[in-house]
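# A look at the structure
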Amino acid sequence: MKRILALIFCLAVSSALAQKFTELALTPPMGWNSWNKFACEVNEDIIRAMADAMATNGMKEAGYQYINIDDCWQGARDAQGFIQPDPVKFPSGMKALADYVHARGLKFGIYSDVGYLTCGGRSASRGHEFQDAATYAQWGVDYLKYDWCNHEGLTAPGAYTTMRDALLAAGRPVVFSLCEAGHSQPWLWAQDVGHLWRTTGDIFPVFDAVADHKTWMQCGVLPIVDREKPLRGAAGPGHWNDPDMLEVGNGMSESEDRTHFSMWCMLAAPLISGNDLAHMSRATLQILNNQDAIAVDQDALGIQGFPYATNANVEVWFKPLAGGDWAMCVLNRNPQAKAFSFDWQKEAVLDPLARRDANFAGSTYSVKNLWTAAPAGTTREKLSVEIPGHDVVMLRLQKVEAAAPPR
Ligand code: GLA
């Protein structure tokens, strides 16, 4: 009896102590992932080319860090159960590939799934969680995206907590990305389990549509943005809502790509690019590398933005930033251009979640347009702009004059 009690005590203590790596992803993770562009056609040459591109095209300096391989890298397990990479696609092995990525000052990510098989039908981690986590640590993995296909008989909190504990036991700090499409509402339970959790079905490069394939969904940019609106309370340093990886450069118009990127920044979303970094247009790179927009995403407060007002399908979003600044993004959901005006003096922008009041009557802010980099006056003058269809005007407001002290 004493032994049983001691065992229960030990288990209780170890589960109370169990946690994720807490010092990671204090701002939303930034990087690249293979899935949106290459799907199952991924191989080590592609991964090396993406690492080379990120290290030399300004993305690394802009804050992008992770080079993540998604599904379909896996081969069979060996006789002892250790996972092997597909020998045709990854002949040099994962350790060599991770070394290549690390040598460029970047970090290396990988993908697995809670079931016996991944969504793409490759070997997954069920029953091998601790063995896989130890293998990843040996290879030098820094980021794990962990999917939810073939999850029969599992609960999401149970399955993801098992892998969290396995990663922790393996000892190498790993950003843990939960990918279960929001079915179990991970924003309610996963804060101590992962660093980010998917909130929706899979993104596709379409601005305003949903494709329902019955067993899975594809969601465009606007339906995903709408899905994020009620979830903002769950986001913060170390635990982010993940509206899925970026489709910038994968076929939408330049306006739509700019809007997609801006809104992900307003949402404090992970910025995981998903295009071919070795072959992209100047316009695509300029969107991905917009330092002013990225600064909104990476703001130290880590507060997800919120829709403040909507009129004629034009939405006005605000995001409180560190140091008393605000980001504002005016989203034109219409395909046609719309005139937009905003008289700051008549608006009351309050954020009860962040306990912030813009107080435009008492404080003056300078206004900077984050896509043209042009100063756009101050909040003393009314803003009047025309916004092209499916485009945004994204601004940063910086306080220039404190409110007069009360007499
Ligand atoms: C799921 C995920 C995608 C991708 C694929 C891989 O659909 O949501 O992001 O990882 O699996 O098979």
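In what follows, the structure referred to is the one given above.
Everything in this summary refers to the structure shown in the same document.

Quick notes on the rules
Residues numbered from 1 in each chain as written. Predicted model: local features only at pLDDT ≥ 70, side-chain atom pairs only at ≥ 80, totals over all residues. Heavy atoms only, no water. Buried < 20%, exposed > 50% of the residue type's maximum accessible area, 1.4 Å probe, protein only. Helix = DSSP H or I, 4+ residues; strand = E, 2+ residues; numbered from the N terminus. Arc of directions from axis to C-beta. Contact = heavy atoms within 4.5 Å. Phe/Tyr/Trp six-rings, centres within 6.5 Å; stacked < 30°, edge-to-face > 60°. Lys NZ or Arg CZ within 6 Å of the ring centre and 35° of its normal. Disulfide = S-S within 2.5 Å.

### Quick look at helix α9 (residues 221-228)
- Within α9, burial applies to V221, L222, I224, V225 and E228. End-on view of α9: buried residues confined to an arc of 160°, all on one side of the axis.

### Brief notes about helix α6 (residues 129-139)
- Of all the residues in α6, the buried ones are E129, Q131, D132, A133, T135, Y136 and W139.
- Residues of α6 that are buried sit in contact with β3 (74-77), β4 (83-85), α5 (94-103), β5 (107-113), β6 (143-147) and α7 (156-170).
- Note on α6: the residue one or two positions beyond its end, G140, has a positive phi of about 100°.

### A short note on the packing of aromatic side chains
- A full pass over the atoms with the stated rule returns 18 aromatic pairs.
- When the ring of Y66 is compared with that of Y143, the centres are 5.0 Å apart and the planes differ by 55°; the resulting orientation is tilted. On the criterion of sequence distance, the pair formed by Y66 in strand β2 (residues 66-68) and Y143 in strand β6 is long-range, its members being 77 residues apart.
- For Y143, a relative accessible area of 4% gives the class buried.
- Among the aromatic residues, ring-to-ring pairing joins Y308, F318, W326, F340, F342, W344, F360 and Y365 into one connected group.
- The side chain of R356 reaches across the aromatic face of W326, ending 5.0 Å from its centre.

### Considerations on the state of the cysteines
- Considering all chains together, one arrives at two disulfides under this definition.
- Through a disulfide, C40 is tied to C72; the S-S separation comes to 1.7 Å. Of this pair, C40 sits in the loop between α2 (35-38) and α3 (44-56) while C72 sits in the loop between β2 and β3; the two residues are 32 residues apart in sequence, bridging distant segments of the chain.
- A relative accessible area of 0% places C72 in the buried class.
- Disulfide pairing is shown between C119 and C149; the S-S distance is 2.1 Å. Across the disulfide from C119 to C149, rotation about the S-S bond amounts to roughly 95°, and the bridge is consequently right-handed. A residue pair is termed long-range when its members are at least 10 positions apart, and C119 in the loop between β5 and α6 and C149 in the loop between β6 and α7 qualify at 30 residues.
- Under the relative-accessibility criterion, C119 is labelled partly exposed at 38%.
- According to the relative accessible area criterion, C149 is partly exposed, its value standing at 25%.

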